[in-house]
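An overview of the molecular structure
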Amino acid sequence: MSKKNVLITGASRGIGKAILESFGREYYFIATATNDQSLKDIENNLQKLNLEGHACKLNLEDRNSIKEFVSSLEDQDISPHILINNAGITRDNIMLRMKEDEWDDVINVHLNGQYFLIKSFIKKMVKNKWGRIINISSTSAALGNKGQANYAAAKAGIEAMSRSLARELGARNINVNCVAPGFVETDMTKDIIDGNEDLLASQIPLGRLGKPEEIADVVNFLASEEANYITGQTIHVNGGLFM
Ligand code: NAP
């Protein structure tokens, strides 16, 4: 049987890199990042892990970049069987001070970016009568977070979009789910975590921050045959921070 293609956005660092590393050699990877250094990091990682695949430039803030990315896959006749929308940014600010571009950038990368990619790739999944879409959300969607109205709104939108898609696509054997991490140690959270580890850990029932691999394991499960009967769900992986 030919390999299933897995597209992971934002696979150069943090959770995306851990997701890539959690999948085995039976897959072909399309792994994205925004800049040359990150693309090189992905290529080195694929080589180190002896995984088949390639790195692709994709900037979800830029619609031309999305179009070029989608066309390049079409030109190579590659379409993802498993689409993992992981790439993300934060532009935190309280609403009183939030600039239009801080709002737009976050909505573009998360919500609009996922819309464009899903829209581009579901036709082939429908034709194949098989597909998996896994969108990375956040506890911020359920809890809200001071200074993150843009990010929380984008993530809540992703969860609602995923439930609607699960209803639209279920009959075609396409499962759509979200994974919502709590506090995970990555570049995204470095500034918030540095110096506040104990305070943050004290708010988490399991008493510690999460590791990227602990999110990746759940994504990996949702992509597996064992998760065939799970769709429209948001799986919370947060040490009990939100329950
Ligand atoms: P990270 O370490 O900062 O990595 C972000 C990844 O996204 C990188 O691969 C980066 O590529 C890519 N990226 C950044 N801007 C992009 C853009 N404009 N277009 C396309 N790709 C872009 O972040 P992370 O913590 O692993 O977060 C991964 C996902 O988990 C995000 O959706 C985030 O919202 C979610 N999440 C994280 C946490 C947490 O505690 N860390 C909690 C809840 C949810 P480059 O290397 O090229 O910059």
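Each remark here, short or long, concerns the structure printed above.
Residues numbered from 1 in each chain as written. Predicted model: local features only at pLDDT ≥ 70, side-chain atom pairs only at ≥ 80, totals over all residues. Heavy atoms only, no water.

The subject of this paragraph is unusual backbone geometry. The phi angle at Asn50 is positive, at roughly 60 degrees, despite the residue not being glycine. Examined against the element boundaries, Asn50 turns out to sit in the loop between α2 (36-48) and β3 (52-57). Residue class for Asn50 comes out partly exposed when judged on its relative accessible area of 49%. Of note, Asp77 is a non-glycine position whose phi angle comes to about 60 degrees, a positive value. On the secondary structure map, Asp77 appears in the loop between α3 (63-75) and β4 (82-85). (Helix = DSSP H or I, 4+ residues; strand = E, 2+ residues; numbered from the N terminus. Buried < 20%, exposed > 50% of the residue type's maximum accessible area, 1.4 Å probe, protein only.)

Before going further, it helps to spend a moment on the packing of α3 against helix α4 (residues 100-128). Where α3 meets α4, the axes come as close as 11 Å, and the angle between the chain directions of the two elements is 30 degrees. It follows that α3 is roughly parallel to α4 by the angle criterion. Considering only the axes of α3 and α4, their crossing is right-handed. Of the residues in α4, those in contact with Arg63, Ile66, Phe69, Val70 and Leu73 of α3 are Asn108, Asn112, Phe116, Leu117, Ser120 and Phe121. (Axes fitted to C-alpha atoms, helices over the stretch in contact; angles between N-to-C directions. Parallel < 35°, antiparallel > 145°, perpendicular 65-115°, else oblique. Left-handed = near helix turned anticlockwise from the far one by under 90°. Contact = heavy atoms within 4.5 Å.)

Turning our attention to a negative patch on the surface. Negative charge collects at one region of the surface, where Glu185, Asp191, Asp194, Glu197 and Asp198 lie side by side. Among the structural elements, Asp191 can be located in helix α7 (residues 190-193). (Patch = residues over 30% accessible without salt bridge, like charges linked within 9 Å, V, L, I, M, F, W, Y side chains within 5 Å. Areas by Shrake-Rupley, 256 points an atom, 1.4 Å probe, with all protein chains shown as cover. Salt bridge = Lys/Arg side-chain N within 4 Å of Asp/Glu carboxyl O. Lys, Arg positive; Asp, Glu negative; His and termini not counted. Charge placed at Lys NZ, Arg CZ, Asp CG, Glu CD.)

Let's shift gears to the sheet that holds strand β1 (residues 4-8). The strand order β3-β2-β1-β4-β5-β6-β7 describes an open sheet built from seven strands, whose pairing is parallel. A single partner strand is all that each edge strand has here, and the edge strands are β3 and β7 (234-237). Averaged over all neighbouring strand pairs, the angle between strand axes comes to 15 degrees, with direction disregarded. Sitting on the sheet, α2 is in contact with β2 (27-33) and β3, with an inclination near 175 degrees to β3. Strands β1, β4, β5 (131-136) and β6 (174-181) of the sheet are contacted by α4, whose axis makes an angle of about 165 degrees with β5. (Pairing = 2+ DSSP bridges.)

Let's shift gears to the pairing of β3. Summarising the sheet, β2 and β3 pair through six bridges and their orientation is parallel. Across the sheet, the residue bridging to Ala33 is Lys57, located in β3. Chirality of the crossover, the property in question, places the unit of β2, α2 and β3 among those that are right-handed. (Right-handed = clockwise from strand over helix to strand, strands pointing away.)

One pass over the structure, following the stated rule, counts five aromatic pairs. Each ring, one from Phe23 and one from Tyr27, has its centre 5.1 Å from the other, and the planes form 85 degrees; the classification is edge-to-face. No difference in accessibility class separates Phe23 from Tyr27, as the two residues are buried. With a centroid separation of 6.5 Å and an interplanar angle of 55 degrees, the aromatic rings of Tyr27 and Phe29 are classed as tilted. One exposure class covers both Tyr27 and Phe29, and it is buried. What links up through ring pairs into an aromatic cluster is the set Phe23, Tyr27 and Phe29. Here the basic side chain of Lys4 rests over the ring of Trp130, its NZ or CZ set 4.4 Å away from the ring centre. (Phe/Tyr/Trp six-rings, centres within 6.5 Å; stacked < 30°, edge-to-face > 60°. Lys NZ or Arg CZ within 6 Å of the ring centre and 35° of its normal.)

Surveying the vicinity of the ligand reveals 33 residues, the closest of which are Ser12, Thr34, Ser38, Tyr151 and Thr186. For the ligand, an oxygen atom lies 2.5 Å from a polar atom in the side chain of Tyr151. Taking Gly182, its main chain carries an N or O atom lying 3.3 Å from an oxygen atom of the ligand. Calculation on the ligand without its partners gives an accessible area of 910 Å², and the protein chains cover 95% of this total. If you list the elements that add at least two residues to the shell around the ligand, you get α1 (14-22), α4 and α6 (149-169). (Near = heavy atom within 4 Å. Polar contact = N/O pair within 3.5 Å; in protein donor to acceptor, adjacent residues only side chain to side chain.)

Our next topic: the environment of Lys48. Structurally, Lys48 is set in helix α2. By relative accessible area, which is 63% here, Lys48 ends up exposed. C-alpha separation for the pair Lys48 and Pro205, spaced 157 residues apart in sequence, amounts to 36 Å.

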